[in-house]
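Here are the chains, one letter per residue:
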Amino acid sequence: MGIIKLSAIDSTNDFLKDLVRKQSVENFTTVVTENQTKGRGQMGAVWETEKGKNLIMSTLVEEVLSSSYDIFHLNVAVALAVIAVLEEHNLPKLAIKWPNDIMSDQKKLAGILIENSFKSDTKIQSIVGIGLNVNQQSFENLPKASSMAVVMNRNYELDRVLEKVVFQIKKNCALILSNQSHLLWDQFHNYLFKINVPIPFEDAQQNRFMGIIQGVTSEGKLQVILEDDSVQTYGIKEIQMLY
């Protein structure tokens, strides 16, 4: 696999996007950095990380998605790739918090940001950004964050974790290509954080209500059973889970 290592960069996603614009880049090429100064999460959130302690990476994924309707298949594949690596290291109580946070015992270990480009030849090019807390010990002012090292009381070799994550991404993308995405979706729902449990939510107008997560649609929207037993679907910017 092609690995590009950087000591510091604004954003691995932005670096890889710029590289792809300038030259031919092999599929699954991965950029990794010790320090990311302007990391981004979902909805413009800032991803902060301690230098040299965590896995900060972006991977190019091409020729996997065939249609705009398949976009969330890749989110599912990547989330499960991270889960598989954490399972291999015996991290407990793993879950995927919709849409793209990876949890261990209700603490956030990783975030995923996938940026898709639609090319003139109908091909879809994706930049898969992953921030995985590996060896960081302190999370000041981040009470819901944790790391592999904190959970398991040991440190990990970042390069080894990186190799395993990229291997699992390629493995799961192969399932999409072979029309076996349903296998990924079954696993995804098995790991879905707080599924079938009554929890409070807040909508974009800051209205709070109780609901039960039923699942996620193929377009990536969250399905919630409301108190009147109706089922409502929500996009990423339309609802926030309170836990």
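Structure: above.
Just so you know, these numbers come straight off a predicted model, no measurement behind them.

Chemist: In this structure, what is going on with the side chain of Asp101? I would like to understand it.
Modeler: Structurally, Asp101 is set in strand β5 (residues 101-104). A polar side-chain atom of Asp101 sits 3.2 Å from a polar atom in the side chain of Lys108. Every residue in contact with Asp101, bar those within four places of it in the chain, is listed here: Ala95, Ile96, Lys108, Ala110 and Gly111.

Chemist: For this particular structure, what's the right way to read the packing of helix α4 (residues 158-177) against helix α5 (residues 181-191)?
Modeler: Angle between the axes and distance between the axes: these two values describe a pair of packed helices. Close contact between α4 and α5 brings their axes to 7 Å; oriented N to C, the two are set at 125°. Classed by the angle they form, the pair α4 and α5 counts as oblique. Of α5, the residues touching α4 (which contributes Asn172, Leu175 and Ile176) are Ser181, Leu183 and Leu184. Here the residues of the contact of α4 with α5 sort into 4 nonpolar, 2 polar and no charged.

Chemist: I'm lost on the environment of Gln136 in this one. Help?
Modeler: Tracing the backbone through its elements, the reader meets Gln136 in the loop between β7 (124-132) and α3 (148-152). For the pair Gln136 and Glu163, spaced 27 residues apart in the sequence, the C-alpha separation amounts to 19 Å. When sequence neighbours within four positions are dropped, the list of residues in contact with Gln136 reads Thr49, Glu50, Lys53, Asn54, Ser147 and Val150. Only 2.9 Å separates the side chain of Gln136 from the backbone oxygen of Ser138, close enough to count as a polar contact.

Chemist: Help me understand the packing of helix α2 (residues 71-88) against α4 in this model?
Modeler: Close contact between α2 and α4 brings their axes to 8 Å; oriented N to C, the two are set at 140°. One finds that α2 runs oblique with respect to α4. Crossing angle aside, the handedness with which α2 passes α4 is right-handed. Within the contact between the two elements, α2 uses His73, Leu74, Ala77, Leu80, Ala81, Ala84, Val85 and Glu88 and α4 uses Val161, Lys164, Val165, Gln168, Ile169, Asn172, Cys173 and Ile176. Residue composition of the contact of α2 with α4, grouped by class: 11 nonpolar, 3 polar and 2 charged.

Chemist: I'm lost on the nonpolar core in this one. Help?
Modeler: By size, the foremost hydrophobic cluster in this structure holds 61 residues, and its most contacted members are Ile130 and Leu132. By size, the runner-up hydrophobic cluster in this structure holds 7 residues, among which are Leu16, Leu19, Val31 and Ile127.

Chemist: Sorry, what's going on with the sheet that holds strand β4 (residues 94-97) here?
Modeler: Hydrogen bonding along the main chain pairs the strands of a sheet, whether they run parallel or antiparallel. Ordered by their spatial adjacency, 7 strands build an open sheet running β1-β2-β3-β7-β6-β5-β4, and the pairing between neighbours is mixed. Of all the strands in the sheet, the pair left with one neighbour each is β1 (3-6) and β4. Within this sheet the neighbouring strands show an average axis-to-axis angle of 20°, counted without direction. Where strand β3 (residues 55-62) meets β7, 8 bridges bridge the pair, whose relative direction is antiparallel. Each bridged residue has a counterpart across the sheet, and for Thr59 the counterpart in β7 is Val128. In the packing of helix α1 (residues 12-22) onto the sheet, contacts are made with β1, β2 (30-33), β3, β6 (107-118) and β7, and the angle to β3 comes to roughly 35°. Where α4 meets the sheet, its contacts fall on β1, β2, β3 and β7, and the angle it forms with β3 comes to roughly 25°.

Chemist: Hey, could you run me through α5 in this one?
Modeler: Side chains of residues three or four places apart in an α-helix project in the same direction, reflecting 3.6 residues per turn. Where α5 is concerned, the buried positions are Ser181, Leu184, Trp185, Phe188 and Tyr191. In a view along the axis of α5, the buried residues occupy a sector of 125°, so they form one face of it. Each element contacted by the buried residues of α5 is listed here: α2, β4, α4 and β9 (208-216).

What counts, and where the lines are drawn
Residues numbered from 1 in each chain as written. Predicted model: local features only at pLDDT ≥ 70, side-chain atom pairs only at ≥ 80, totals over all residues. Heavy atoms only, no water. Helix = DSSP H or I, 4+ residues; strand = E, 2+ residues; numbered from the N terminus. Polar contact = N/O pair within 3.5 Å; in protein donor to acceptor, adjacent residues only side chain to side chain. Contact = heavy atoms within 4.5 Å. Axes fitted to C-alpha atoms, helices over the stretch in contact; angles between N-to-C directions. Parallel < 35°, antiparallel > 145°, perpendicular 65-115°, else oblique. Nonpolar A, V, L, I, M, F, W, Y, C, P; charged D, E, K, R; others polar. Left-handed = near helix turned anticlockwise from the far one by under 90°. Core = buried A, V, L, I, M, F, W, Y, C linked by side-chain atoms within 4.5 Å. Buried < 20%, exposed > 50% of the residue type's maximum accessible area, 1.4 Å probe, protein only. Pairing = 2+ DSSP bridges. Arc of directions from axis to C-beta.

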